[in-house]
Amino acid sequence: MDILDFKQFSPDNRVRALMVLGEGAQLNNYPIFEYAILSDKDRDVQMAALKRIHKFKTIADTVGLLKNRMSEKSYAHLEPYFSMALLHVGIISEAEFNAVVNGANPKDNTSNPK
């Protein structure tokens, strides 16, 4: 599957595809996760990708991808999955993650809507 195929799926099917592709975490599937995190308009699709992106940590520039996402736009609507991804790849500490879960976002000073 490539990004063009992925984009043709309904949001529910894109989430399902990410679940399946995330299990294997093969490098050739990484661009689909990158697209889902950076460009997909559906929040559930973005969160499904964030929940699994850490599985690519050793084979792709997952840290760079997440740092890019942090710098480009707000991500409060993706919490706590965005911060979980940051924690799993080592960008934030457990204390910073706990702060996010408790309502603060130490990286961009926005509130975490509950």
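Residues numbered from 1 in each chain as written. Predicted model: local features only at pLDDT ≥ 70, side-chain atom pairs only at ≥ 80, totals over all residues. Heavy atoms only, no water.

Undergrad: Just give me the short version of the nonpolar core, but keep the residues and values in it.
TA: Core analysis: the largest hydrophobic core is formed by 33 residues, its most contacted members being Phe6, Leu18, Ile53, Leu66 and Phe82. For this core, the secondary-structure elements that each account for two or more residues are helix 2 (11–24), helix 3 (30–38), helix 4 (43–52), helix 5 (62–72) and helix 6 (81–88). It is helix 3 that contributes the most residues to this core, seven residues altogether. Not counting chain neighbours up to four residues away, the residues in contact with Phe6 comprise Met1, Arg14, Ala17, Leu18, Ile32, Tyr35, Ala36, Asp40 and Val45. (Core = buried A, V, L, I, M, F, W, Y, C linked by side-chain atoms within 4.5 Å. Buried < 20%, exposed > 50% of the residue type's maximum accessible area, 1.4 Å probe, protein only. Helix = DSSP H or I, 4+ residues; strand = E, 2+ residues; numbered from the N terminus. Contact = heavy atoms within 4.5 Å.)

Undergrad: Give me unusual backbone geometry: which residues, what numbers.
TA: With omega at 5°, the peptide bond leading from Glu79 into Pro80 counts as cis. Summarising the element assignment, Pro80 is placed in the loop between helix 5 and helix 6. At Ala25, a position not held by glycine, the phi torsion is positive, near 45°. Mapped onto the fold, Ala25 is located in the loop between helix 2 and helix 3.

Undergrad: Explain the pattern of salt bridges residue by residue, including any values.
TA: If you walk through the whole model with that rule in mind, you get two salt bridges. Between Arg14 and Asp40 there is a salt bridge, with its nearest N and O atoms 2.8 Å apart. With a gap of 26 residues between them, Arg14 in helix 2 and Asp40 in the loop between helix 3 and helix 4 connect regions that are remote in the sequence. As far as the burial class goes, Arg14 and Asp40 line up, both buried. Lys55 is the salt-bridge partner of Glu23, the closest N and O atoms lying 3.6 Å from each other. Highlighted residues: Glu23 in helix 2 and Lys55 in the loop between helix 4 and helix 5, separated in sequence by 32 residues. Relative accessible area serves as the criterion here: at 34%, Lys55 is assigned to the partly exposed category. (Salt bridge = Lys/Arg side-chain N within 4 Å of Asp/Glu carboxyl O.)

Undergrad: Report on the environment of Lys57, specifying residues and quantitative values.
TA: You can see Lys57 is positioned in the loop between helix 4 and helix 5. Of the residues examined, Lys57 reaches a relative accessible area of 40% and is grouped as partly exposed. On a C-alpha basis, the gap between Lys57 and Gly90 in space is 9.7 Å, while along the polypeptide they are 33 residues apart. Contact partners of Lys57, with chain neighbours within four places excluded, come to Thr62, His88 and Val89.

Undergrad: Please provide a residue-by-residue account of the packing of helix 4 against helix 6, values included.
TA: Orientation of helix 4 relative to helix 6, taken along the N-to-C sense of each, is 20°, at an axis distance of 8 Å. With respect to helix 6, the element helix 4 is oriented roughly parallel. With respect to the hand of their crossing, helix 4 and helix 6 are arranged in left-handed fashion. Residues Met47, Leu50 and Lys51 of helix 4 pack against Tyr81, Phe82 and Ala85 of helix 6. The class makeup of the residues in the contact of helix 4 with helix 6 is five nonpolar, no polar and one charged. (Axes fitted to C-alpha atoms, helices over the stretch in contact; angles between N-to-C directions. Parallel < 35°, antiparallel > 145°, perpendicular 65-115°, else oblique. Left-handed = near helix turned anticlockwise from the far one by under 90°. Nonpolar A, V, L, I, M, F, W, Y, C, P; charged D, E, K, R; others polar.)

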